[in-house]
Amino acid sequence: CMQTSGPEMRTQFQQELDEAFTVLSAHKLQWAGLAITEKIAILKEIQGRLVDNLHSWGRAGAELRGLLNDHFAVGDSTLVTPVVLSTYIGVLIGTLTAAASGTFNLPPLETRTTPAGQLVVKVSYGS
């Protein structure tokens, strides 16, 4: 496996990212149609496999910041990426679990309909 660096790696990484988004977009309706329990199972599997590519993520993150030779930057990317993803996935699992059990209660949200007929919900964080 040939190692690439600099602009070549950014181009390769961008191509891989574009391909991943294409696959993700092609499957979004399939995901929307899954039962909540299936979504939770998939998210738990993803969460459990985050460590599979730690080194690659660390190197790619540092390279994208132009810091591939900085061992602290590589280490930072290696550790932070899965922690952030795992935390976010945990929040998604919690939300889906609450929705499945019927304990998910949202406060009333402000909504409006666009001229195209799309429903828009105003979401704010905090109090």
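The coordinates are above.
Residues numbered from 1 in each chain as written. Predicted model: local features only at pLDDT ≥ 70, side-chain atom pairs only at ≥ 80, totals over all residues. Heavy atoms only, no water.

Here's the deal with the side chain of Thr 78
Counting through the fold element by element, Thr 78 comes out in helix 5 (residues 71–101). Thr 78 sits in the buried class, given a relative accessible area of 15%. Excluding anything up to four places from it in sequence, Thr 78 contacts Leu 54 and Gly 58. (Helix = DSSP H or I, 4+ residues; strand = E, 2+ residues; numbered from the N terminus. Buried < 20%, exposed > 50% of the residue type's maximum accessible area, 1.4 Å probe, protein only. Contact = heavy atoms within 4.5 Å.)

With respect to the packing of helix 3 (residues 36–48) against helix 5
Orientation of helix 3 relative to helix 5, taken along the N-to-C sense of each, is 160 degrees, at an axis distance of 10 Å. With respect to each other, helix 3 and helix 5 are oriented roughly antiparallel. You can see that helix 3 and helix 5 cross each other, and the crossing is left-handed. In this structure, helix 3 contributes Ile 36, Lys 39, Ile 40, Leu 43, Lys 44, Ile 46 and Gln 47 to the contact, and helix 5 contributes Ser 86, Ile 89, Gly 90, Leu 92, Ile 93, Leu 96, Thr 97, Ala 99 and Ala 100. Of the residues belonging to the contact of helix 3 with helix 5, the class tally is ten nonpolar, four polar and two charged. (Axes fitted to C-alpha atoms, helices over the stretch in contact; angles between N-to-C directions. Parallel < 35°, antiparallel > 145°, perpendicular 65-115°, else oblique. Left-handed = near helix turned anticlockwise from the far one by under 90°. Nonpolar A, V, L, I, M, F, W, Y, C, P; charged D, E, K, R; others polar.)

Points about the packing of helix 4 (residues 54–64) against helix 5
The contact between helix 4 and helix 5 brings their axes to 7 Å, and the two run at 115 degrees. Handedness of the crossing formed by helix 4 with helix 5: right-handed. Mapping the contact onto sequence places Leu 54, Trp 57, Gly 58, Arg 59, Gly 61 and Ala 62 in helix 4 and Ala 73, Val 74, Ser 77, Thr 78, Thr 81, Pro 82 and Leu 85 in helix 5. Class assignment for the residues of the contact of helix 4 with helix 5 results in seven nonpolar, five polar and one charged.

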